[in-house]
Amino acid sequence: MSDITNRGYAGKILHLKLSTLEYEVIPTEKYVEWGGGNGMGTALYWDFCEDKTIQDGRDEKNVVVIATSPLCGTATPSAGGRCEIVGTACGLYPESFFSRSNIGGRLSSMMKYAGWDAIVISGKAPKPVWVEIQNSLVRYHSAEALWGKDAHETQLRLFGILDRKNEGWGWQPLPGKGAGDSGYTTQIPAIAAISQAGERLQTMAGILHDAGNISGQGGFGAVWGSKNLKAISVLGTGAVKAADPAALIRARFKVKERYAPDVQKPDLLAWSFLSYPKPIAFAGDYDQSRRSACVGCVMGCRQRFSTGVGNQVKCQASAWYLAYIKKYAKKHPEEIDLNNEKQIVEISNYAADLCNRYALNTYLFQHALPWLEGLWHRGLLGKGKQVPSELDFDKLGSKAFVKEFCEAFAFRKDIGALFGDGFVHGVIKLGLEEDYKNGTLDFPYWGIQEHGYDPRAEVEWGYASILTDRDVNSHEFNQLYWNISIYTLMGLKPRISAEKLVHLIAEKLKPYVDGPECMDFSEENIYSDAVLNLTRWYIHYNRFWKNSALFCDLRWANLFHSRGDDAGNEGATGDPEVGEQVYWNAVTGENISIVDGLKRGYRVIVLQNAIWALQGRHRDKVHFADFIYEKPFEKGEFPFYMWTVRDKEGKWRYGDIMHRKLDREKFEDFKTRYYLAEGLDPKTGWPTEETLKKLKLDFAIDELKEHGKLPESNAS
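Treat the numbers as computed from the prediction; the structure is a model and nothing was measured.

Engineer: Looking at this structure, how should I read the overall build of the protein chain?
Structural biologist: Along its length, the protein chain carries 23 helices and 20 strands. In terms of overall dimensions, the protein chain is globule-like: its C-alpha atoms have a radius of gyration of 24 Å, near the 27 Å expected for 716 residues. Referenced to the eigenvectors of the C-alpha coordinate spread, the extents of the protein chain come out at roughly 80 × 65 × 60 Å. In the protein chain, once contacts between residues fewer than 6 apart in sequence are set aside, the share between residues at least 24 apart is 70%. Carbon and sulfur atoms make up 49% of the accessible area of the protein chain, which totals about 26300 Å². Charge separation in the protein chain, taken as the distance between the mean sites of 87 positive and 92 negative side-chain charges, equals 3 Å.

Engineer: Just checking my understanding: could you explain the packing of aromatic side chains for this structure?
Structural biologist: Aromatic ring pairs are reported here in terms of the distance separating the ring centres and the angle at which the planes meet. Following the criterion strictly, the structure yields 49 aromatic pairs and no others. For the pair Trp320 and Phe365, a centre-to-centre distance of 5.1 Å together with 40 degrees between the ring planes defines the contact as tilted. In this pair, Trp320 sits in the loop between strand E16 (302-305) and helix H7 (322-331) while Phe365 sits in helix H9 (residues 362-377), placing the two residues 45 residues apart along the sequence. Grouping residues by exposure puts Trp320 and Phe365 together as buried. Pairing Phe633 with Tyr641 gives two aromatic rings, centres 6.0 Å apart and planes at 65 degrees, and the pair type is edge-to-face. On the basis of relative accessible area, Phe633 is assigned to the buried category, the value being 4%.

Engineer: What is the right way to look at the layout of surface pockets in this model?
Structural biologist: By volume, the second largest pocket is sized at about 410 Å³. Along the walls of the second largest pocket sit 14 residues, with His152, Leu156, Asp210, Ala211 and Asn311 positioned nearest its centre. For the lining of the second largest pocket, the per-class residue count stands at five nonpolar, five polar and four charged.

Engineer: How do you make sense of unusual backbone geometry when you look at a structure like this?
Structural biologist: Most peptide bonds are trans, and most residues other than glycine sit at a negative phi. The amide bond that connects Lys510 to the next residue, Pro511, takes the cis arrangement and shows omega of 5 degrees. Mapping Pro511 onto the fold places it in the loop between helix H16 (498-508) and helix H17 (529-546). Cis geometry is found at the peptide bond from Trp556 to Ala557, where omega equals 0 degrees. Mapped onto the fold, Ala557 is located in the loop between H17 and helix H18 (580-588). A positive phi angle, near 55 degrees, is found at Arg412, a position not held by glycine. Note that Arg412 resides in the loop between helix H10 (399-410) and helix H11 (415-418). Look at His659: it is not a glycine, yet its phi comes out positive at around 65 degrees. Mapping His659 onto the fold places it in the loop between strand E20 (652-656) and helix H21 (664-678). The class for His659 is partly exposed, based on a relative accessible area of 43%.

Engineer: Whenever I open this one, the pairing of strand E4 (residues 83-88) confuses me. Can you help?
Structural biologist: Within a regular strand, the side chains alternate between the two sheet faces. The element E4 is extensively covered by neighbouring structure, given that six of its six residues are classed as buried. Bridge count for strand E3 (residues 63-67) against E4 is three bridges, and the pairing is antiparallel. Following the sheet pairing, Ile66 is matched in E4 by Ile85.

Engineer: Looking at this model, I keep getting lost on the pattern of salt bridges. Mind explaining?
Structural biologist: Two side chains bearing opposite charge may form a pair once their charged atoms approach each other closely. In this structure the tally under the stated criterion is 39 salt bridges. The partner of Arg157 in a salt bridge is Glu153, and the shortest N-O contact between them spans 3.4 Å. Within this pair, Arg157 and its partner Glu153 are both found in helix H3 (residues 151-162), separated by four residues, close to a single helical turn. Among the residues examined, Glu153 registers a relative accessible area of 28% and is labelled partly exposed.

Engineer: Where do I start with the state of the cysteines in this structure?
Structural biologist: Simply put, disulfide is the name for a covalent bond between the sulfur atoms of two cysteines. Considering all chains together, one arrives at zero disulfides under this definition. Considering cysteine sulfurs only, Cys301 is the nearest to Cys297, which forms no disulfide, with 6.3 Å between them. Cysteine Cys355 shares no disulfide, and the gap to the nearest cysteine sulfur, in Cys406, comes to 4.0 Å.

Engineer: What's the story with the environment of Tyr463 in this structure? I'm lost.
Structural biologist: In this structure, Tyr463 sits in helix H14 (residues 459-467). On a C-alpha basis, the gap between Tyr463 and Leu695 in space is 23 Å, while along the polypeptide they are 232 residues apart. With residues near it in sequence (within four places) discarded, Tyr463 still touches Ile526, Tyr527, Val531, Thr535, Phe624, Phe667 and Phe670.

Engineer: What am I meant to see in the sheet that holds strand E2 (residues 22-27) here?
Structural biologist: Either a parallel or an antiparallel arrangement is found when strands of a sheet pair, and the pairing is made through backbone hydrogen bonds. Strand order across the open sheet formed by six strands is E2-E1-E6-E3-E4-E5, with mixed pairing between neighbours. Two strands bound the open sheet, and with one partner strand each, they are E2 and strand E5 (98-103). Across the sheet, the axes of successive neighbouring strands diverge by a mean angle of 20 degrees, strand direction being ignored. Set on the sheet, helix H2 (residues 107-114) makes contact with E3, E4 and strand E6 (118-122); between it and E4 the angle comes to about 95 degrees.

Engineer: Which parts of the structure should I look at to understand a nonpolar patch on the surface?
Structural biologist: Residues Leu489, Met490 and Leu492 make up a contiguous nonpolar surface patch of about 280 Å² in total accessible area. For Leu492, the location among the structural elements is in the loop between helix H15 (478-490) and H16. The exposure class of Leu492 is partly exposed, given its relative accessible area of 35%.

Engineer: Please explain H2 as it appears in this structure.
Structural biologist: An α-helical segment advances 3.6 residues per turn. Residues three or four places apart therefore align on the same side. With seven of its eight residues buried, H2 lies for the most part within the structure. Leu107, Ser108, Ser109, Met110, Met111, Lys112 and Ala114 are the residues of H2 that are buried. On its buried face, H2 is in contact with E3, E4, E6, strand E11 (190-193), strand E12 (207-209) and strand E14 (229-235). Immediately downstream of H2, the backbone of Gly115 shows phi near 100 degrees, a positive value.

Engineer: I keep staring at the side chain of Thr68 and nothing clicks. Help me out?
Structural biologist: Tracing the sequence through the fold places Thr68 in the loop between E3 and E4. A polar side-chain atom of Thr68 sits 2.8 Å from the main-chain carbonyl oxygen of Asp117. Setting aside anything within four residues of it in sequence, one finds Thr68 in contact with Gly36, Gly37, Ser108, Met111, Lys112, Trp116, Asp117 and Leu550.

Engineer: Just checking my understanding: could you explain the pairing of strand E8 (residues 137-142) for this structure?
Structural biologist: The pairing of strand E7 (residues 129-134) with E8 spans six bridges and is antiparallel. Bridge assignment links Val131 to a residue of E8, and that residue is Tyr140. Hairpin connection between E7 and E8: a loop of two residues separates the two successive antiparallel strands, and Asn135 in this loop has a positive phi of roughly 50 degrees.

Engineer: In this structure, what is going on with the packing of H17 against helix H19 (residues 594-614)? I would like to understand it.
Structural biologist: How two helices pack is summed up by the angle between their axes together with the distance between the axes. Their axes nearest at 7 Å, the elements H17 and H19 cross at an angle of 95 degrees. With respect to H19, the axis of H17 lies roughly perpendicular. Note on element contacts: H19 touches H17 through Ile594, Gly597, Leu598, Arg600, Gly601, Tyr602, Val604, Ile605, Gln608 and Trp612, opposite Trp537, Ile539, His540, Tyr541, Arg543, Phe544 and Trp545. Looking at the contact of H17 with H19, its residues break down into 11 nonpolar, four polar and two charged.

Engineer: It is not clear to me how empty space enclosed by the protein should be interpreted in this structure. Could you clarify?
Structural biologist: A full pass over the atoms with the stated rule returns eight cavities of 30 Å³ or more. Reported here for the largest cavity is a volume of approximately 670 Å³. Looking at the largest cavity, it is lined by 39 residues, and the ones nearest its centre are Arg82, Ile214, Lys314, Tyr363 and Asn473. Volume-wise, the second largest cavity comes out at about 180 Å³. In this structure, the second largest cavity is lined by 19 residues; those nearest its centre are Gly91, Thr203, Met204, Leu364 and Ile448.

What counts, and at which threshold
Residues numbered from 1 in each chain as written. Predicted model: local features only at pLDDT ≥ 70, side-chain atom pairs only at ≥ 80, totals over all residues. Heavy atoms only, no water. Helix = DSSP H or I, 4+ residues; strand = E, 2+ residues; numbered from the N terminus. Rg over C-alpha atoms; globule rule 2.2 N^0.38 Å. Contact = heavy atoms within 4.5 Å. Areas by Shrake-Rupley, 256 points an atom, 1.4 Å probe, with all protein chains shown as cover. Lys, Arg positive; Asp, Glu negative; His and termini not counted. Charge placed at Lys NZ, Arg CZ, Asp CG, Glu CD. Phe/Tyr/Trp six-rings, centres within 6.5 Å; stacked < 30°, edge-to-face > 60°. Buried < 20%, exposed > 50% of the residue type's maximum accessible area, 1.4 Å probe, protein only. 1 Å grid on protein atoms, 1.4 Å probe; cavity = no way out; pocket = protein on both sides within 12 Å on 5 of 7 lines; lining within 4 Å. Points joined across faces, edges and corners; volume = space filled by probe spheres on them. Nonpolar A, V, L, I, M, F, W, Y, C, P; charged D, E, K, R; others polar. Pairing = 2+ DSSP bridges. Salt bridge = Lys/Arg side-chain N within 4 Å of Asp/Glu carboxyl O. Disulfide = S-S within 2.5 Å. Axes fitted to C-alpha atoms, helices over the stretch in contact; angles between N-to-C directions. Patch = residues over 30% accessible without salt bridge, like charges linked within 9 Å, V, L, I, M, F, W, Y side chains within 5 Å. Polar contact = N/O pair within 3.5 Å; in protein donor to acceptor, adjacent residues only side chain to side chain. Parallel < 35°, antiparallel > 145°, perpendicular 65-115°, else oblique.

Distances and angles like these do not, on their own, reveal function.
What follows is the structure, given as structure tokens:
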């Protein structure tokens, strides 16, 4: 095999030793077998975290890894700009454990251009610092002047500091160069920063890059804050070399030919996230804007506005406050004109900007705010109440309220102080545990919010979330729900019949599934081996192709699509000309199949199960909140939740899978069969020695044995 620097890798990993303000360079070669991203980060965590039993990421012994993939910085569609962050998280319930988060934008590509495949962060700096990386140059700087600044202002200040010629980022001299007519660059650094929330160890604090790329889950902003790490700036002037660049470009043009939307006639109802032709913003459009994309993306799901408000805001973050604005406008027309879309969207984008500025996880607000509003109406929240707060919820929906609300969490004051160590932890301390149990607080797994896809209906999302470490946030099957539900709402004929769709998907999932039965999400089939095997495919696909190779969590996998022409309805996933493996092989020079990647994902998830075992996880802790088993799912985005099901005659149709709950005993049995299929001990959920040896994870055996976390046998 040739030099890895000719196969998508930079060849070096940077280890920042914060306690001594030193660093070391680690050769990447040892970690190439893990691919990149999540797999590489997990292996690095295993090697560099000396105490893997820690249950709170804010522990000084925690190790955080920022990892790229060989595809980062290349022209691979929707895989050139993602970046994985792993380490022990914080704020989960009942305790925190090793988890992951992800950032889009240009941080990962800039790391590669600077010559780094990953950054390992260990220890705790004696005082606040930020780290400057310019190609091979690594420097620690005091961040005391930045401490107390939000994530936007921190980046602006660092842009000013790093603009050493003070010319507004024109030609900048590279370290040790700049004389004569060589050694200059016009590249602008990629900066990742935390806000005041991270400094105050607020567990919903993330890490922000540019205007709106944020690592939302896992509380990694608080982890950085606990390490006195304010920001990392990366400037690279190199390039990423692909083993077969011509093959890479051919595949990119081919995927454009097959799946790119017709910009003259955009199909807004297409059944394919890979081809969705508009920015993904739910609040609306009010301004001349242009699209913004992560490096290498063929679509671009973000926007930049002429006003500068709401830049790079997308998806749920664009609308988490929207319903409250409209409700407030009805009561206060003198302040907000409900018919003025521009005003409504500006306030919604303002709310999103606030969360980005403070690097706060808006998904938590999506479900926590309705619950807090409910406490207000129940008379439990307010001055001198069970949940003490100075916030005036009568102003909920106004700009003034959302500013005070976000600042409460960012500065860990008022109600933000009550939930700073984890939202469910705070709920229980306040004596409101029953709300968590009965679903008044919609946090179904690991003490975190539901994504919008309830596990009682969309079981693959719920299963993958509870059997791993967090809200899985991966839309390969979920696209089906959106397509069918919208068509049902509009009374349109489905673009693809249920019979055809289930066969299209099942074909992509081979050899994990034998046929389309895996797509029958009727109540009678959701605990079946067919759905279990679909879940395994889902987890393994995620751990390698999405979290390690770093294909976009929204655009891929592409299991089907509807062009309405002769192109057919097959999606790009696994396709011999445009599938994920084509790009991987073109860049790395390997010759792997889509299934080979799944096998690597399996190896990654087993190693993570070993880490979770050391951190105290046991199968008894792997369960949903009580309400998932005790109350039917009755309220979602639509009055129904459409999916593929079979009727009593065995015919496929699109049916409503709402109005049901999960069966606790059947899920426990499902879990047992899942553990057995994965080579995990069914009594504990821990990896067995046989499985570790089979996957060449022998290095984990002694440590598991030392902590009494190695099952004696595979016996059930």
